[in-house]
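A closer look at the structure
Residue strings, one per chain:
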Amino acid sequence: MTSAIAPQETTTPAIVVRARIFGESDKIVTFLTRDLGKLTGIAKGAKRSKRRFVNVLEPFTHVSLRVRQRQASDLAFISACELLDAPRSFTLDLRKFAFASYILELTDRMVRGREAGPETYDLVRDALALLDRSEAEPGLLRGFELHLLRLTGYEPALDRCRRCGGGLAANEGMYAQPARGGLLCGRCRGEGRSYVISRATLERLTTLQQASFDTADASAFALQPGVAAEARALLRSFFGATVTLPLVSERLLDEL
Ligand SMILES: [Zn+2]
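A short tour of the structure in this document, coming up.

Cut-off values and rules
- Residues numbered from 1 in each chain as written.
- Predicted model: local features only at pLDDT ≥ 70, side-chain atom pairs only at ≥ 80, totals over all residues.
- Heavy atoms only, no water.
- Donors = N, O, S within 2.8 Å, 3.2 Å for Na, K, Ca; no water.
- Tetrahedral: all angles 85-135°; square planar, octahedral: opposite > 155°, others 65-115°.
- Helix = DSSP H or I, 4+ residues; strand = E, 2+ residues; numbered from the N terminus.
- Buried < 20%, exposed > 50% of the residue type's maximum accessible area, 1.4 Å probe, protein only.
- Pairing = 2+ DSSP bridges.
- Expected span 1.5 Å × (residues − 1).
- Contact = heavy atoms within 4.5 Å.
- 1 Å grid on protein atoms, 1.4 Å probe; cavity = no way out; pocket = protein on both sides within 12 Å on 5 of 7 lines; lining within 4 Å.
- Points joined across faces, edges and corners; volume = space filled by probe spheres on them.
- Nonpolar A, V, L, I, M, F, W, Y, C, P; charged D, E, K, R; others polar.
- Axes fitted to C-alpha atoms, helices over the stretch in contact; angles between N-to-C directions.
- Phe/Tyr/Trp six-rings, centres within 6.5 Å; stacked < 30°, edge-to-face > 60°.
- Lys NZ or Arg CZ within 6 Å of the ring centre and 35° of its normal.

Our next topic: the coordination of the zinc ion. Each pair of donors in an ideal four-coordinate tetrahedral metal site encloses 109.5 degrees, whereas pairs in an ideal six-coordinate octahedral site enclose 90 or 180 degrees. Here the zinc ion is held by C161 (SG), C164 (SG), C185 (SG) and C188 (SG), and the distances to it run 2.3 Å. Classification of the site at the zinc ion as tetrahedral follows from its four donor atoms and the range of 104 to 116° in their angles at the metal. Of note, the donors binding the zinc ion are all from one chain and are spaced C-x2-C-x20-C-x2-C. Taken together, the residues span a long stretch of sequence, with C161 in the loop between α3 (138-151) and β6 (174-176) and C185 in strand β7 (residues 183-185) at a distance of 24 residues. Judged by relative accessible area, which is 3%, C161 ranks as buried. C185 gets classed as buried once you look at its relative accessible area, which sits at 1%.

What follows deals with the pairing of strand β2 (residues 26-33). With eight of its eight residues buried, β2 lies for the most part within the structure. The alternating pattern of β2 places D26, I28, T30 and L32 on one face and K27, V29, F31 and T33 on the opposite face, and all of these are buried. Bridging between β2 and strand β3 (residues 38-43) involves six bridges; their strand directions are antiparallel. From the neighbouring strand, K27 faces β3, where its bridge partner is A43. With antiparallel pairing between neighbouring strands as the criterion, β2 and β3 make up a hairpin whose turn holds four residues, including G37 at a positive phi of roughly 70°.

In this model, helix α2 (residues 118-133) (16 residues) spans 23 Å end to end at C-alpha, consistent with the 22 Å of a helix rising 1.5 Å per residue. Of all the residues in α2, the buried ones are T120, Y121, L123, V124, A127, L128, L130, L131 and D132. Taken together, the buried residues of α2 touch β1 (9-22), β2, β4 (62-68), α1 (94-110) and α3.

Volume-wise, the largest pocket comes out at about 230 Å³. Taken together, R95, F99, P138, L141, R142, A228, A229, R232, L253, D254 and L256 form the lining of the largest pocket. Elements that contribute at least two residues to the lining of the largest pocket include exactly α1, α3, α5 (225-240) and α6 (248-255). Taken together, the residues that form the lining of the largest pocket break down as seven nonpolar, no polar and four charged.

Adjacent strands of a sheet form backbone hydrogen bonds with each other and so pair up, either parallel or antiparallel. The strand order β7-β6-β8 describes an open sheet built from three strands, whose pairing is antiparallel. The strands lining the two open edges of the sheet, one partner per strand, are β7 and β8 (195-197). This sheet shows a mean twist of 50° between the axes of neighbouring strands, independent of strand direction. As paired elements, β6 and β7 share three bridges and run antiparallel to each other. Looking across to β7, one finds that Y175 is bridged to L184. In the packing of α5 onto the sheet, the strands contacted are β6, β7 and β8, and the crossing angle to β8 comes to about 120°.

With the rule as written, the count across this model stands at three aromatic pairs. Ring geometry for F60 against F90: centres 5.3 Å apart, planes inclined by 85°, an arrangement best described as edge-to-face. With F60 in the loop between β3 and β4 and F90 in the loop between β5 (75-85) and α1, this residue pair connects regions lying 30 residues apart in the sequence. Joined through ring pairs, the aromatic side chains of F60, F90 and F97 make up one cluster. Lying over the aromatic face of Y175, R189 brings its terminal NZ or CZ to 4.0 Å of the ring centre.

This is the structure in structure tokens:
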């Protein structure tokens, strides 16, 4: 296609987050884009048109999106959408599908509109690509969660108390408060419900805060069984302070 792009149109790489049929023949699709943040648009005739939108408006798909934003509406107009890459393994492996669904749903819930920068797009694209070429390693989700918390402004301090700032002393544990998020030292934990987090888990999560998704496989994210359960509960408490849990995809993860 060599048609000239109208001035008000933007072309950006994007990942399809969710899509639904609208009316007789249209689709409403939410994307995480590199250049325009999270964006929802309408694809006119997408249900019928095999030529313009063939197989590109499905979740997890990586596309080149051409879109026209409208001043009076939050709903953009999707002019064209071309396939860049589609994960192959998610429809063949239910566990991978659940992991990928969780990545998209959590991102959707944490990110509001234009505030998502290109780093968030890069993170989601790279995490889905690593999952597609690797095993469904739970540590991959924990690494993703930690990166997403940082990019959305909720990065947890894993090495010091949220209240007094005191560091993790040699013989003193750190405590998680499920209702509040964040870690407290033994002096600050107070009367509220809290439980101790092992040093092994905190140290492993600290390394996952730095882990890159641009690796051959997910082995760099592997977790010991005890650490895996504790890490999931702790990360969940961080997100629970911001979004309503459980996510739909969490129920699927729990059933597997
Ligand atoms: Zn403290």
